[in-house]
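# Coordinate analysis (summary)
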Amino acid sequence: MTTIEAGLDTFPKLVRSNAERRPHKIAIREKDLGIWQAYTWRQYFERARRIALGLAALGFARGDKAAIIGDNRPELYWAVAATQALGGVPVPLYQDSIEKELAYIVDHAEARFAVVEDQEQVDKLLHIRAQCPRLESIVYDDSRGMRAYSDPCLISLAELEERGDKLAVGQPGYFDAELARGSADDVAIICYTSGTTGSPKGTMLTHRNMIVMGRNAIEREGLRHDEEVLAYLPMAWVGDHIFSYAQSVLTGFTVNCPESAATVLHDLKEIGPTYFFAPPRIWENLLTNVMIRVEDAARPKRALVHFFLGVAQALERARLHGRTPSAWRRLLHPLGQALVYGPLRDNLGMRRIRVAYTAGEAIGPEIFVFFRSLGINVKQLYGMTESSALVAIQPNGDVRLDTVGTPLPGVEIRISEQGEVLYRSPGVFVGYFKNTEATRQTLEDGWVRSGDAGFIDAAGHLKIIDRARDVSRLAGGTIFAPKYLENKLKFSPYVKEAVCLGQDRPFVTALVNIDLAAVGNWAERRGIAYTSYTDLSQRAEVYDLIEHEVRRVNASLLDDDVLKGARIRKFLILHKELDPDDEEITRTRKVRRGFIAQKYAALIEALYGDGDRVQVQAQVTYEDGRTGTVRADVKIRDVALRATAAGEASL
Amino acid sequence: MTEILHGLVAPFADIASNPSFFAEVLIGGIAAGLMYSLVALGFVLIFKASGVFNFAQGVMVLFAALTLVGLIERGAPVALALLLTVGVMVLLAFAIERVVLRPLVNQEHIILFMATIGLNFFLEGFGEMLWGANVKRLDVGIPDTSFKIGNVLVNRLELTAALTAAVIVTVLAVFFQKTSIGRALRAVADDHEAALSLGIPLKTIWTVVWSVAGLVAIVAGIMWGAKSGVQFSLSLIALKALPVLILGGFTSVPGAIAGGLIIGVCEKIAEVYWGPLVGGAIENWFAYVLALAFLLFRPQGLFGERIIERV
Amino acid sequence: MNDAGPLLEVEGVSVRFGALMALHQVSLRIERGEILAIIGPNGAGKTTLLNVISGFYHPWEGRIRFAGRDRTRLKPPDVAELGIARTFQNVALFKGMSVLDNIMTGRLLKMRGNVVLDALWWGPAQRQELAHRAAVERIIDFLEIQAIRKTPAGKLPYGLQKRVELARALAAEPQLLLLDEPMAGMNVEEKEDMCRFILDVNGELGTTIALIEHDMGVVMDISDRVVVLDYGRKIADGTPDQVRKDQAVLDAYLGVAHD
């Protein structure tokens, strides 16, 4: 494999090397007018060169920034390479950004040039030009609807390339000279990420970052030049830049651009990628699509599919937990393979997948198990823009439900005093553009603060618990992740909301809101009569029901060395539903922790006291706006106590 | 009770005990089924392209066979007679379009259906007037004899008919799905006005469809006539096409084929194995029972287009 | 062909259904390259006018000239052959056929068929089919309906059906495109899309367009000229601004002074 030391130290140089070493290999495809148009590495390089020369003709200088905006199109990837070839920095932006975001980033990045897909993006840029005085030229690829535009700052890509050709006649050595001046530690891209607070930050990554880290992942995952990927996630996302640009250039594999956002699923089927990445949201959509079609099928077929999916999922769960699956399921598997799994995989366009990732956030276990049970090698990946997208990946053959895998080669991970995950790697960014304050807060001695709380388990896998700022400790020092517990509780259909408490307390307690519809239904089926929400919530049977759910959550923590100290010891069921009208939760159903701690202080104290019930008096707002007082006895259930009494060993 | 059970179960034992005889029954069923398919195909073509349920399709089979036999009897060589018959059927298509369909354009389907009933009686009478009413033998040069494959007897005539039907079906399927005329036919079937506004001339389309239906009728007429003689009862096989259409769906070419085969095979097997238990002649009504069952459970037929309506 | 005069002239056309006079001596011109909107209250005779132009009805009196030549008595297929395509008020797609097949059907006039070759799906027929497919793909791209190529037209939501119908009309590469309420029953976003497509068709392909529409905002935004019908008579003809201020139009829309 060629190395940075051998002079292939920037991506455009690697593109040129591909053009020389595998000129006829397909580099990128785009479905246009219903046909997959293919471009070889030679064409890839040639077009990038012409675009670069065109930009040079417009006055592009080293260090200039070029905003790249549009759907995944070969032309835009070429523009990325072209910008880098001139020693400039591409700044990809989300194509659906609203004008305000666009204006902020284009201005902050000091972009002099923009290369965009079509009229839609041109319109947005022309609108915000007053706020971005540095923006000089807008290059557009698709000339549809552009006839009536006469603004002198506009130029079509075709025209740009012609200007480039003219420049090349006058200065034949220009491009090669510029290309040669690039070096590994030049900034290769600035990816803007919108944090939850404040303005977007421009993460600067160098060629070295992505060449070394991209290659480490390639070696670990065994990626080859014959992979096929679908480039359908926004170019502004660092993941697309790594998978659809950096790794493609590094190995020479083929990138496929879908026809339009609406055709992605169909194009996926046509291409049948071997290497695929999707955030949990997309895996979820795929699953929903499949299930809808299954439910539409005739009854015998439906039953068959459900049966074999059940078999496969049981097998996969056993495998993920390291158990030996039952013999008859193993016997049935080949039959299911022929009848259900194979055809389903084919239908999803995932027949050829060798490696697939889910990343970005936690994926629902049932979704993860579903795809793995079909024989699709989907794995969790952990990373962020600041790490060139790559920190940890689940190794082949060692995939678990609740970890994000082991660190990639070259990556070091440690856990801070506060339980935050810190990492150091060759892929770590050089800083935020024009934001030393934020850089200082995030990057220290090469270590990046991830903002996530987590730990390394006994097998060396990284496990992410929660956002670091949501994690605290019990009085005894045990790590306590309330949201993690609450989500596990809310996984039960009977639990509508849950608030877990424990910071600086001796143990964890929970306030639970039951789901009136589900629990009411459950009660009716058992002939349990009730008059109101308050009445139902305090029935002993309902407490038993919820206790069962709490035990389930506690049991799931047992596998976890760090979290098993933070099991729920006591809980109570609230006598009323948490209500946005009472300011207990937000309109988007986020629990207002502080407000609840204050409002239910008496209940909380009781949870940490000795009594088994507590009297409450609460103001409630009725539907018609009147307020009234509810007086009730709320029971407290001690899970650990009852467990001992019942002689259960599990807790 | 046990007797009934025995009656229902015993034939399966028969089937198992003599597989080569069962194969012969099966082949006989397939051959008869293909004949039904051919007739049903004529219906489907016309129904697809013009929304008309052509009651006269059966008589067109008879008329085609009568014309062919009549010409041969009057000394025309088989090839020439066949060519002339094709000409007659195309002429007939032109005439039907001009005299029946064009004046009735944009009328209710039921009115067009009535018109085809009229056509039915006209053709029947006209055929008899031209060629006489007595039973005629049709000899197309393929002997009605059998040969053996392994233990199974195969009839040459039936085999030829089956192959011919298969070829026709393939050609028609390609014609409908792949060619621009096929697309125009489907377009006309779907929406007259829209088709007109795209410059599709209805009269040409209808003439083409009726000509094709006529050609299919010739093939069916030859095959059926060679087997059982050309006589009036030939037009009654049209009635057998009805259950086939219910099974296969009125708008589906593959449906007509599959429907025909299923009916042919099922009624043969029922007749041979279960017939004796009820005193025979199951063959005459079994197809209708099958069709009735289908109407109850899958009204659009096996391959019929799902009825899609948006509100 | 005469390239100078108006593309279509309707001169004193009357249409009657029994005792009902659907159109009464209506005259109007459609100029080359313009977008003409035909508006009017319900029952004003707008669709009848479109049907007369496209040959579905024949006028009781009056003449219709297309590119300077008298075309009064042509039938729909012949009108289509002249280069006039249309869409229908209640979407007339071939519901059982795929979107692609629907649009391909729109190209039938451009195909020089040979029944025999065609039926055999042989050499030239196949090449011709591919060439037409390429043309259709450009339209699919133009109207952004790539995702539904293979979907049966009847399964599509209403707004998309309207778009497919426009695509099918465009496939004939018409000189004059008649759109009967292209935006009826659409939501705001779909209307915006449709407006953009209509303007693009007019601007990029140079197609002359006459459309019937109820949404006044849309009409005033996209048309070069507006003709107003009321009770079968033309009561106004001018630019959107002129028509907006016209007293007769205001009366007609406010329902004043008909008896």
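All chains use their own residue numbering, which begins from 1 and follows the written sequence. Chain labels run from A onward and ligand labels from 1 onward, assigned in the order the entries are written. In keeping with the model being predicted, local features are shown solely for residues with a pLDDT of at least 70 and side-chain atom pairs are shown and tallied solely at 80 or more, while totals for entire chains, interfaces and linings include all residues.

Broken down by element type, chain A carries 22 helices and 29 strands. Throughout, the radius of gyration refers to the C-alpha atoms, and the reference size of a globule is 2.2 Å times the residue count to the power 0.38. Taken over the C-alpha trace, chain A has a radius of gyration of 28 Å; the compact-globule value for 651 residues is 26 Å, and the two agree within 12%. Seen through its C-alpha atoms, chain A measures out along the principal axes to roughly 90 × 60 × 50 Å. Residues are defined as contacting one another if the C-beta atoms placed from their backbone atoms lie within 7 Å. Sequence-distant contacts, at least 24 apart, represent 64% of the contacts inside chain A between residues at least 6 apart. For the purposes of this entry, the term helix denotes a DSSP run of H or I that reaches at least four residues, the term strand denotes a run of E that reaches at least two, and both are numbered from the N terminus.

This brings us to the overall build of chain B. Scanning chain B for helices and strands turns up 12 helices and two strands. Start at the N end of chain B and walk to the C end: the helices and strands fall as α-α-α-α-α-β-β-α-α-α-α-α-α-α. On C-alpha atoms alone, chain B measures out to a radius of gyration of 20 Å, which is about the 19 Å that the 2.2 N^0.38 rule sets for 311 residues. Expressed as lengths along the three principal axes of its C-alpha atoms, the size of chain B is roughly 65 × 60 × 35 Å. Summarising the internal contacts of chain B: among those between residues at least 6 apart in sequence, 76% fall at separations of at least 24.

The next thing to look at is the sheet that holds strand β8 (residues 208-212) of chain C. Residue and element names in this part refer to chain C. Strand pairing is assigned whenever DSSP detects at least two bridges linking the two strands. Pairing in this open sheet of six strands is mixed, and the strands run β6-β7-β8-β3-β9-β10 from one edge to the other. A single partner strand is all that each edge strand has here, and the edge strands are β6 (84-86) and β10 (233-238). Strand-to-strand, the axes of this sheet are offset by a mean angle of 20 degrees, without reference to chain direction. Pairing between strand β7 (residues 176-180) and β8: five bridges, direction parallel. Its bridge partner being in β8, L177 is matched across the sheet by I209. The angle between two axes is taken between their N-to-C directions and runs from 0 to 180 degrees, where each axis is a line fitted to C-alpha atoms and a helix contributes only its stretch in contact.

In this section: the nonpolar core. Linking buried Ala, Val, Leu, Ile, Met, Phe, Trp, Tyr and Cys residues through C-beta atoms within 7 Å yields a set, and such a set is a nonpolar core. Each residue is classified by how many other C-beta atoms fall within 10 Å of its C-beta atom, where C-beta atoms are placed from the backbone; a count of 20 or more means buried, 12 or fewer means exposed, and values in between mean partly exposed. One finds I68, A114 and V512 of chain A to be the most contacted residues of the largest nonpolar core, which totals 185 residues. Take this core: its biggest share by element is 10 residues, from helix α2 (residues 41-57) of chain A. With near-sequence residues (within four places) excluded, I68 of chain A lies in contact with L76, A79, V80, P90, V91, P92, L93, V115 and M235 of chain A. Counting 178 residues, the second largest nonpolar core, distinct from the first, contains V208 and A258 of chain B together with I64 and F66 of chain C.

Residues and elements named next belong to chain A. On the basis of which strands lie adjacent, the open sheet formed by five strands has the order β4-β3-β5-β6-β7 and parallel pairing. Taken across any chain shown, the strands that pair with only one partner, and hence form the sheet edges, are β4 (89-93) and β7 (154-156). Averaged over all adjacent pairs, the angle separating strand axes in this sheet is 25 degrees, with direction ignored. Pairing of strand β3 (residues 65-69) with strand β5 (residues 111-116), which is carried by five bridges, proceeds in the parallel orientation. Looking at β5, one finds that K65 is bridged to A111.

The next point concerns the pairing of β8 of chain C. All names here are of chain C. Extensive coverage of β8 is indicated by the burial of five of its five residues. Along β8, one buried face is formed by T208, A210 and I212 and the opposite face, lined by I209 and L211, is buried too. Across four bridges, strand β3 (residues 35-39) lies against β8 in parallel orientation. Paired with A37 across the bridge in β8 is L211. Looking down the strands as they point away from the viewer, one classifies a crossover as right-handed if the path from the first strand across the helix to the second runs clockwise. One crossover worth recording links β7 to the parallel β8 by way of helix α7 (residues 188-205), and it is right-handed.

A separate point is unusual backbone geometry. Leaving glycine out, the prevailing phi sign among residues is negative, and the prevailing peptide bond configuration is trans. All names here are of chain C. One non-glycine residue, E144, lies in positive phi territory at about 55 degrees. On the secondary structure map, E144 appears in the loop between α5 (123-142) and α6 (158-171). On the basis of neighbour counts, which here come to 15 C-beta atoms within 10 Å, the residue E144 falls in the partly exposed class. A positive phi angle, near 50 degrees, is found at E181, a position not held by glycine. Positionally, E181 belongs in the loop between β7 and α7.

Attention shifts here to the interface of chain C and chain B. Facing 32 residues of chain C, the contacting portion of chain B comprises 23 residues. Of all the secondary structure elements, the ones that give two or more residues to the side of chain C that touches chain B are α2 (76-82), α3 (99-106), α4 (115-120) and α5 of chain C. Looking at the side of chain C that touches chain B residue by residue, the class counts come to 19 nonpolar, six polar and seven charged. Ten residues, namely Ala, Val, Leu, Ile, Met, Phe, Trp, Tyr, Cys and Pro, are considered nonpolar, four, namely Asp, Glu, Lys and Arg, are considered charged, and the remaining ones, Gly among them, are considered polar.

On to the environment of W60 of chain C. Residue and element names in this part refer to chain C. Mapping W60 onto the fold places it in the loop between α1 (46-53) and β4 (61-66). Look at W60 and you get partly exposed, because 15 C-beta atoms sit within 10 Å. Once the C-alpha coordinates of W60 and Q25 are considered, the two residues, 35 residues apart in sequence, prove to be 9.8 Å apart. Excluding anything up to four places from it in sequence, W60 contacts S14, V15 and R16.

Facing the 12 residues of chain C at the interface are 10 residues of chain A. When contributions to the side of chain C that touches chain A are tallied by element, the ones reaching two or more residues are α5 and α7 of chain C. When grouped by side-chain class, the residues that make up the side of chain C that touches chain A number three nonpolar, two polar and seven charged.

Attention now goes to the packing of α3 of chain C against α6 of chain C. The geometry of a pair of packed helices is captured by two quantities: the angle between their axes and the separation between those axes. Residues and elements named next belong to chain C. Contact geometry of α3 with α6 gives a least axis separation of 6 Å together with a crossing angle of 35 degrees. Every pair of crossing elements has a handedness; the one defined by α3 and α6 is right-handed. On the side of α3, the interface is formed by V99, N102, I103, T105 and G106, while α6 contributes V164, A167, R168, A169 and A171. A breakdown of the residues in the contact of α3 with α6 according to their chemical character gives six nonpolar, three polar and one charged. By definition, turning the near helix anticlockwise from the far helix through less than a right angle yields a left-handed crossing, and turning it clockwise yields a right-handed one.

All names here are of chain B. Interhelical geometry of helix α3 (residues 57-73) versus helix α4 (residues 78-101) gives an angle of 140 degrees and a closest axis separation of 9 Å. Compared by their axis directions, α3 and α4 come out oblique. The way α3 lies across α4 gives a crossing that is right-handed. Between α3, through A64, T67, L68, L71 and I72, and α4, the contact on the second element is made entirely by V78, A81, L82, L84, T85, V88 and M89. Classifying every residue of the contact of α3 with α4 by side-chain character gives 10 nonpolar, two polar and no charged. An angle below 35 degrees is read as roughly parallel, one above 145 as roughly antiparallel, one from 65 to 115 as roughly perpendicular, and any other as oblique.

Turning next to α2 of chain A. All names here are of chain A. One less than the residue count of a helix, multiplied by 1.5 Å, gives the span that helix is expected to have. Its 17 residues place the ends of α2 24 Å apart at the C-alpha level, agreeing with the 24 Å of an ideal helix rising 1.5 Å per residue. α2 sits mainly inside the fold: 14 of its 17 residues count as buried. Phi turns positive one or two residues past the end of α2, at G59, with a value near 105 degrees.

Residue and element names in this part refer to chain A. What pLDDT expresses is the predictor's confidence in each residue, scored from 0 to 100. Chain-level pLDDT for chain A is 89 on average; 96% of the residues reach the 70-or-more range. Highest mean pLDDT in chain A belongs to helix α3 (residues 74-85) (98); lowest belongs to helix α22 (residues 639-645) (55). Segment residues 642-651 is flagged for pLDDT under 50; beyond a separation of four residues in sequence, or across chains, it makes five contacts in the model.

The next subject is the environment of V91 of chain C. Residue and element names in this part refer to chain C. Of note, V91 is situated in the loop between β6 and α3. A count of 23 C-beta atoms within 10 Å places V91 in the buried class. Each C-alpha atom of the pair V91 and I235 lies 28 Å from the other, and the pair is 144 residues apart in sequence. Each residue touching V91, except ones within four places of it in the same chain, is listed here: Q161, K162 and E165.

Let's shift gears to the domain arrangement of chain A. Residue and element names in this part refer to chain A. Each domain of chain A was delimited in the assignment, giving domain 1 (4-261), domain 2 (262-468) and domain 3 (471-645). An automatic or database domain assignment provides the domain bounds reported here. The distance between the C-alpha centroids of domain 2 and domain 3 comes to 31 Å. Contact with domain 2, which involves eight residues of that partner, is made by eight residues of domain 3. Elements with a contribution of two residues or more to the side of domain 2 that touches domain 3: β21 (447-456) and β22 (462-467).

Residues and elements named next belong to chain B. With 92% of its residues at a pLDDT of at least 70, chain B reaches an overall mean of 80. Here residues 306-311 is modelled with pLDDT under 50, and outside its nearest four sequence neighbours on either side it reaches eight contacts, counting other chains as well. Taken over the whole predicted complex, pTM reads 0.76, whereas the ipTM for its chain interfaces reads 0.84.

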